[in-house]
Amino acid sequence: MGSLLRLERPLGYVAYAGVLAACALLFATLYPPTFEAKATLVFPRGASANEVTQRLNLGEFLKPREGALIFGGLLFLPTLGTDAFSVQSVIRSRESLRLVAGELMPRGFDDHDLKRVNDAIDCEVLETGALVVRLRWKGRERTERALGLLLDRTLEETKRLSKGFAGRSEEFLRQQTERYRSDV
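Report on the accompanying structure. (Residues numbered from 1 in each chain as written. Predicted model: local features only at pLDDT ≥ 70, side-chain atom pairs only at ≥ 80, totals over all residues. Heavy atoms only, no water.)

Observations regarding the pattern of salt bridges
Part 1: All told, the structure shown has eleven salt bridges when counted by the stated rule.
Part 2: Notably, a salt bridge pairs Glu-36 with Arg-134, separated by 4.0 Å at the nearest N-O pair. Within this pair, whereas Glu-36 is found in strand S1 (residues 34–41), its partner Arg-134 is found in strand S5 (residues 131–138), the two being separated by 98 residues in sequence.
Part 3: What makes Glu-36 partly exposed here is its relative accessible area of 42%.
Part 4: Arg-134 sits in the buried class, given a relative accessible area of 14%. (Salt bridge = Lys/Arg side-chain N within 4 Å of Asp/Glu carboxyl O. Helix = DSSP H or I, 4+ residues; strand = E, 2+ residues; numbered from the N terminus. Buried < 20%, exposed > 50% of the residue type's maximum accessible area, 1.4 Å probe, protein only.)

Written as structure tokens, this is what we have:
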């Protein structure tokens, strides 16, 4: 009787492992794989100190700053989109999510789908100041096209914002200069 019980337990484990293997095979067959499209964006960095030695990185001073000099070089207007965090906010904007959702879900989408797309986009700022953008979705070609559209829109939006910011800033400075000249 004791030897009969010993034989039943290994057969039970084998049957349990077989059922799990069959479920895994069924799941892998029916559930489409998720693909990841990845891009790394590199930005100019300002002067900073080394985290370990706390010494200033002098090489950072030699890099030109991104922006425009106005009033004969008296004022410097920075270019928007030269910082990883500002670009990340453009990537996470509602219009960007709608563009990506239109590519990933051609039959239409709603607010819940936009949340799923937002969750599928992963942005990570590295210690070097670079921004790694990942998009995970089903379908390799569709995922790569959606990431390409997202990066193109981000580039165009940062250009548009920079032009608008510089134009408004220059106009404000001109008005202030004229106002102070009239006071004098």
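Quick word on the nonpolar core
Part 1: Counting 23 residues, the largest nonpolar core has Ile-91, Leu-104, Val-117, Ile-121, Leu-131, Val-133 and Leu-135 as its most contacted members.
Part 2: Counting only elements with at least two residues in this core, the list comes to S1, helix H3 (84–91), helix H4 (94–104), helix H5 (111–120), strand S4 (121–125), S5 and helix H6 (140–183). (Core = buried A, V, L, I, M, F, W, Y, C linked by side-chain atoms within 4.5 Å.)

Topic: H3
Part 1: Taken together, the buried positions of H3 are occupied by Ala-84, Val-87, Gln-88, Val-90 and Ile-91. Seen from one end, H3 has its buried residues packed into an arc of 160 degrees, which puts them on one side.
Part 2: Buried residues along H3 sit against S1, H4, S4, S5 and H6. (Arc of directions from axis to C-beta. Contact = heavy atoms within 4.5 Å.)

Concerning H4
Part 1: Listed in full, the buried residues belonging to H4 are Ser-96, Leu-97, Val-100, Ala-101, Glu-103 and Leu-104. Buried residues of H4, seen end-on, are gathered within an arc of 160 degrees and therefore sit on one face of the element.
Part 2: Along its buried surface, H4 packs onto H3, H5, S4, S5 and H6.

Remarks on the side chain of Arg-134
Part 1: Within polar-contact distance, the side chain of Arg-134 engages the side chain of Glu-124 at 3.3 Å.
Part 2: Discounting residues that sit within four places of it in the chain, Arg-134 has contacts with Glu-36, Ala-37, Lys-38, Ala-120, Ile-121, Asp-122 and Glu-124. (Polar contact = N/O pair within 3.5 Å; in protein donor to acceptor, adjacent residues only side chain to side chain.)

A short note on the sheet that holds S1
Part 1: Strand order across the open sheet formed by three strands is S1-S5-S4, with antiparallel pairing between neighbours. The open sheet terminates on both sides in strands that have one partner only, identified here as S1 and S4. Here the strands of the sheet are splayed against their neighbours by 15 degrees on average, with no regard to which way each runs.
Part 2: Running over the sheet, H3 touches S1, S4 and S5 and is turned about 175 degrees from S4.
Part 3: Docked against the sheet, H6 engages S1, S4 and S5, running at close to 25 degrees with respect to S1. (Pairing = 2+ DSSP bridges. Axes fitted to C-alpha atoms, helices over the stretch in contact; angles between N-to-C directions.)

Observations concerning the packing of H4 against H6
Part 1: With their axes 9 Å apart at the nearest point, H4 and H6 run at an angle of 155 degrees to one another. Relative to H6, the element H4 is oriented roughly antiparallel. The hand of the H4/H6 crossing is right-handed. Within the contact between the two elements, H4 uses Glu-95, Ser-96, Leu-99, Val-100, Glu-103 and Leu-104 and H6 uses Arg-142, Thr-143, Arg-145, Ala-146, Leu-149, Leu-150 and Arg-153.
Part 2: The residue inventory of the contact of H4 with H6, partitioned by class, reads six nonpolar, two polar and five charged. (Parallel < 35°, antiparallel > 145°, perpendicular 65-115°, else oblique. Left-handed = near helix turned anticlockwise from the far one by under 90°. Nonpolar A, V, L, I, M, F, W, Y, C, P; charged D, E, K, R; others polar.)

Looking at the pairing of S4
Part 1: Where S4 and S5 come together, five bridges link them in antiparallel fashion. Paired with Val-125 across the strands is Leu-131, a residue of S5.
Part 2: Between S4 and S5, which pair antiparallel and follow one another directly, the connecting turn spans five residues, one of which, Gly-129, has a positive phi of 95 degrees.

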